[in-house]
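Structural characterization, general
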Amino acid sequence: MSEPRVEAEPAVCEPGVCEESSLITTDSFEEFSHEINSLPAVPDDGGAAGGTEANSTVPFDETPQNDASNIEKIQDGLQQTDDPPDGAMSKSSSFSSAKSRDFDASTTSLAEPETPASTTMVSAEAETGDYLHDASFLNRKRHVFILSTAGKPIYSMHGNEDKLATLFGVMQALVSFIQSGNDTIKSIHAAGVKFVFLVKSPLILVAVSRTSHSVQQIQLQLTDVYNQILSTLTLSHMIKTFEKRKNFDLRRLLAGSERLIDHLLVNDKCDHRLVSNNPFSFMTHSVRILPLAPAVRETIVSAIQSNCSKIRNLVFAVLIANNKLIALVRMKKYFIHPADLRLIFNLIECSESFKTAESWTPLCLPKFDSSGFLHAHVSYLAEDCQACLLLLSIERDVFYVLSEAKRKITEKLRRSNCLEAINDAINNKGIKLLNIGIPEIRHFLYKSKSNAQLLCSELTVPYSSGAQFKRLEGLYFQLHHRIHNSGRPVKLIYQMKEKEVLLAWVTQAYELFVTFEPTVEKNEVISLVNKLLKWIKKEENSLFILSAPTF
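Everything in this summary refers to the structure shown in the same document. (Residues numbered from 1 in each chain as written. Predicted model: local features only at pLDDT ≥ 70, side-chain atom pairs only at ≥ 80, totals over all residues. Heavy atoms only, no water.)

1. With respect to the overall build of the protein
- Helix and strand counts for the protein stand at 19 helices and 16 strands.
- Counting over 551 residues, the protein shows a buried share of 57%.
- At a minimum sequence separation of 6, the contacts of the protein that also span at least 24 residues come to 68%.
- Surface accessibility of the protein: about 23700 Å² in total, with carbon and sulfur atoms responsible for 50%. (Helix = DSSP H or I, 4+ residues; strand = E, 2+ residues; numbered from the N terminus. Buried < 20%, exposed > 50% of the residue type's maximum accessible area, 1.4 Å probe, protein only. Contact = heavy atoms within 4.5 Å. Areas by Shrake-Rupley, 256 points an atom, 1.4 Å probe, with all protein chains shown as cover.)

2. Details of the packing of helix α12 (residues 294–308) against helix α14 (residues 399–415)
- α14 packs onto α12 with a crossing angle of 145° between their chain directions and a minimal axis gap of 9 Å. Note that α12 runs across α14; the crossing there is right-handed. In this structure, α12 contributes T299, I300, S302, A303, I304, S306, N307 and C308 to the contact, and α14 contributes A405, K408, I409, K412 and L413. (Axes fitted to C-alpha atoms, helices over the stretch in contact; angles between N-to-C directions. Left-handed = near helix turned anticlockwise from the far one by under 90°.)

3. A few points about the packing of aromatic side chains
- Counting across every chain of the model gives 14 aromatic pairs.
- Through a chain of ring-to-ring contacts, three or more aromatic side chains come together here, namely F280, F469, Y476 and F513.
- Against the face of F335 rests R330, its NZ or CZ located 4.1 Å from the ring centre. (Phe/Tyr/Trp six-rings, centres within 6.5 Å; stacked < 30°, edge-to-face > 60°. Lys NZ or Arg CZ within 6 Å of the ring centre and 35° of its normal.)

4. Thoughts on the sheet that holds strand β2 (residues 153–156)
- With respect to topology, 5 strands assemble into an open sheet ordered β2-β1-β5-β4-β3, the strand pairing being antiparallel. This sheet does not close on itself; its edge strands, each paired only once, are β2 and β3 (187–190). For this sheet, the mean inter-axis angle between neighbouring strands, taken without regard to orientation, is 15°.
- Where β3 lies against strand β4 (residues 193–200), 4 bridges are found, and the strand directions are antiparallel. Bridging from a neighbouring strand, H189 pairs with K194 of β4.
- Running over the sheet, helix α6 (residues 215–233) touches β1 (142–148), β3, β4 and β5 (203–209) and is turned about 40° from β4. (Pairing = 2+ DSSP bridges.)

5. Here's the deal with the packing of α6 against helix α13 (residues 338–350)
- It is the contact of α6 with α13, at a shortest axis distance of 10 Å, that shows an interaxial angle of 70°. One finds that α6 runs roughly perpendicular with respect to α13. The chirality of how α6 crosses α13 is right-handed. Residues D224, N227, Q228 and S231 of α6 form the contact with α13, whose participating residues are A339, R342, L343 and N346.
- Residues belonging to the contact of α6 with α13 are distributed by class as follows: 2 nonpolar, 4 polar and 2 charged. (Parallel < 35°, antiparallel > 145°, perpendicular 65-115°, else oblique. Nonpolar A, V, L, I, M, F, W, Y, C, P; charged D, E, K, R; others polar.)

6. Details of the sheet that holds strand β14 (residues 492–496)
- Strands sit in the order β6-β13-β12-β16-β15-β14 across an open sheet of 6 strands; the sheet is mixed. With one partner strand each, in any of the chains shown, β6 (287–288) and β14 form the two edges of the open sheet.
- As paired elements, strand β12 (residues 441–448) and strand β13 (residues 453–456) share 4 bridges and run antiparallel to each other. Across the sheet, the residue bridging to S448 is Q453, located in β13.
- With respect to the sheet, helix α17 (residues 466–483) is in contact with β12, β14, β15 (501–506) and β16 (510–516), its orientation differing from that of β16 by roughly 140°.

7. Topic: a nonpolar patch on the surface
- Taken together, V170, L174, I188 and F195 make up a surface patch of nonpolar side chains, about 280 Å² in accessible area.
- Position of I188 relative to the elements: it lies in strand β3. (Patch = residues over 30% accessible without salt bridge, like charges linked within 9 Å, V, L, I, M, F, W, Y side chains within 5 Å. Salt bridge = Lys/Arg side-chain N within 4 Å of Asp/Glu carboxyl O.)

8. Quick look at the pairing of strand β10 (residues 374–382)
- Of all the 9 residues making up β10, 9 are buried; the element is thus mostly covered by neighbouring parts of the structure.
- Alignment of strand β9 (residues 359–363) against β10, held across 5 bridges, turns out to be antiparallel. Bridging from a neighbouring strand, L363 pairs with L374 of β10.
- Of the strand pairs in this sheet, β10 and strand β11 (residues 385–393) are connected by 7 bridges, and their pairing is antiparallel. Looking at the pairing, Y380 lines up with C388 of β11.
- Hairpin remark: β10 followed by β11, antiparallel, with 2 residues in the connecting loop.

Geometric values such as these leave the question of function open.
This is the structure in structure tokens:
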């Protein structure tokens, strides 16, 4: 259907704008264009190009390359200081020895004996190993495959990768053939199917998609999968492993963590009610915030600061619940990337064992530093409050120090009734548009660009069912692709569909995607949007984190 022209009036407000954010706010597509066109390599000193203060203020492709990794910079800073206080660890007991994956028993949360989602029921043809003649396998809407540049199978989203050796061989041959002409294969299109490639030597990631997602959106999702692998192994360790043995079977190092990849992909077995807004956080490269009264959030931050400020090797304290950020306190000069936070959310959501005991696990945040592990003390605040606190340090021997800090934080939050406030926020299903007084709007997404935070309304009829939610997701992804199409970027899209009216609006301050009732007239759209923006502005102190607290 034709798309009538809508004249956009100036927005009456720009909710969520803040001078400084704890998150790196570089646009995902600008960043991805830089990454996809550069060959992956380990800097001489093992550094990564993300996570420092410079990244929050300059475009990604203009960010100065670090001479040393972020972790090494922190270690050097610790070395120059006086002796650490009691309970803190000095550089001599530090992180450097953890750059290989020698996990101990305390890291069992990454390797629980759970059945990966990829071991789903398959037909008789698949049982005999003939996946390529099995209709149920071939007709899946999405596949993701990972192999080494030597053609060694590593992962398959569906089925057993060992039974797909021929297919992996074809993928490797295609990549090698194109590379022989000094080029890189990105995608193949045939009969409504996209075959999308992401070459990150020594790995090759391939997606087969029948969805409406664009090639670039699929490549971004493959990049998330790649980062998930780095989170388990580190880039430097993986490259050194393949340098020693090109035919190495990487599954030996990834054993037990395949479920993290399965969950990150939000495959067909996932319950959309649990992960319904994850695709939108991924699409907008942002983080959702748990709405809280400003005084409650300030008390939470104060509790973290007062009990962690003397632990000088602590890099991040992250409090989350239901895939939403409650509070983030960071070491000065260091910021966290939304892609790294997605990995943290994914780890917590996948690991039930964290709910039963305090855990101590190594975790690589690739955007912060792909060369080594941070060490994470992970625990839920209390049995009666299902918010999870992660304290990430460069030291490997401070479990008990961080455990004591967590205990004191929980005590202070209980005394100030913050645990009860967090529980109330967790039980709140989301923003109800009827309560705002704009029933003409069915659903909206609002991203504040200055702090990379996303606001979503509650999913209601008709999008509360699985099939209709997937349809809405597809519509938003199509709008997002058109808005960010490098060949013909636009600022405003208005679409009249049979079942709804859609609007996508991008300004310097925000991105907004809105779904209206199909009866809404085009001359009502902007006034309804401005009414929504006024409400978000009024409530912004509760809906967003507008400060960047440090230890």
